[in-house]
Amino acid sequence: APARRLPRLARDTPVLKLWHLQDRKFGRPLAELRLRLASPAANASPAARACADLLVVLVRDAVTEVSYMAGVCELGYGLATTDAGFDLRAHGFDHKLLQLARTVLGTLLAFRGRTGAEGTPAAVGEGRFEQCREILARSYRNAGSRSSRRCANTRLRCLRRTLWSDRAKRTALRAVTVASFTDAAAHILDRLSVEGLYHGNCDADDAAAAADLLAGDLGAGGHMGAPP
């Protein structure tokens, strides 16, 4: 493919590696930001993966109101756990896209650097930890209800040692308390390697400005860098 059609590196630092690709074909006021936040601790054990999954559920719950208002304005986001850490995607009209992405990212990173004695950040409402833990436990319980998915997961676990079963994660989740979760979440977020792609109605200057904002968010209040 021609060089102009390939992503270009907008920022490459120990905090953030951001690629950029400007849309030169459709000319619509839309953009997309994808961030991969890799953490070696996010999938180290069934308990660690359960805490990472619970962290995502809590963040989604905390930004429900913002997500609804963004959806009215045709902006959306996705946040999910992976074997390597977390994937964050924001998409929609480019004017407020970064604001939505930074809101979700900031809510996630609010768990960084906290101790079990401090508990969850203020974004987690009263009683929401227990509710979100129950929602996650229910999803683990229902995950094996389809025989096709159960067979697929069994085959994958034979090939990949770190693909933990929903049963193992559900068992580990039962022992998770506010204090133990807060410690685990802080450990997961303590050392991140972040790589992203900013694509759509955004030029090189927009990408540089986005990189400055994201690097500030990612580097504030904690250690960032490539996993050991």
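As shown above, the structure is provided for reference.
Residues numbered from 1 in each chain as written. Predicted model: local features only at pLDDT ≥ 70, side-chain atom pairs only at ≥ 80, totals over all residues. Heavy atoms only, no water.

A. Expanded view of the packing of helix α1 (residues 46–62) against helix α6 (residues 166–173). Two numbers describe how α1 lies on α6: the axes approach to 8 Å, and their chain directions differ by 80 degrees. Considering their axes alone, α1 and α6 lie roughly perpendicular with respect to each other. Residues P46, A47, R49, A50, D53 and L54 of α1 pack against A168, K169, A172 and L173 of α6. Class assignment for the residues of the contact of α1 with α6 results in seven nonpolar, no polar and three charged. (Axes fitted to C-alpha atoms, helices over the stretch in contact; angles between N-to-C directions. Helix = DSSP H or I, 4+ residues; strand = E, 2+ residues; numbered from the N terminus. Parallel < 35°, antiparallel > 145°, perpendicular 65-115°, else oblique. Contact = heavy atoms within 4.5 Å. Nonpolar A, V, L, I, M, F, W, Y, C, P; charged D, E, K, R; others polar.)

B. Highlighting the pattern of salt bridges. Scanning all chains against the criterion turns up eleven salt bridges. In this structure, the salt-bridge partner of R36 is D87, at a minimum N-O distance of 3.3 Å. Of this pair, R36 sits in strand β3 (residues 30–38) while D87 sits in strand β5 (residues 85–93); the two residues are 51 residues apart in sequence, bridging distant segments of the chain. The salt bridge partner of D83 is R49, with a shortest N-O separation of 3.3 Å. (Salt bridge = Lys/Arg side-chain N within 4 Å of Asp/Glu carboxyl O.)

C. The arrangement of the environment of G116 in detail. Here G116 is to be found in the loop between α3 (97–109) and α4 (128–143). Distance from G116 to F181, taken between C-alpha atoms, is 7.4 Å for residues 65 residues apart in sequence. Leave out the neighbours within four places in its chain, and G116 touches A179, T182 and D183.

D. Structural detail: the environment of L109. Tracing the sequence through the fold places L109 in helix α3. For the pair L109 and V59, spaced 50 residues apart in the sequence, the C-alpha separation amounts to 9.6 Å. Setting aside its immediate chain neighbours within four residues, L109 contacts L189, L192, D217 and L218.

E. Expanded view of unusual backbone geometry. Not every positive phi belongs to a glycine, and E74 is a case in point at roughly 60 degrees. Relative to the helices and strands, E74 resides in the loop between α2 (64–72) and β4 (75–81).

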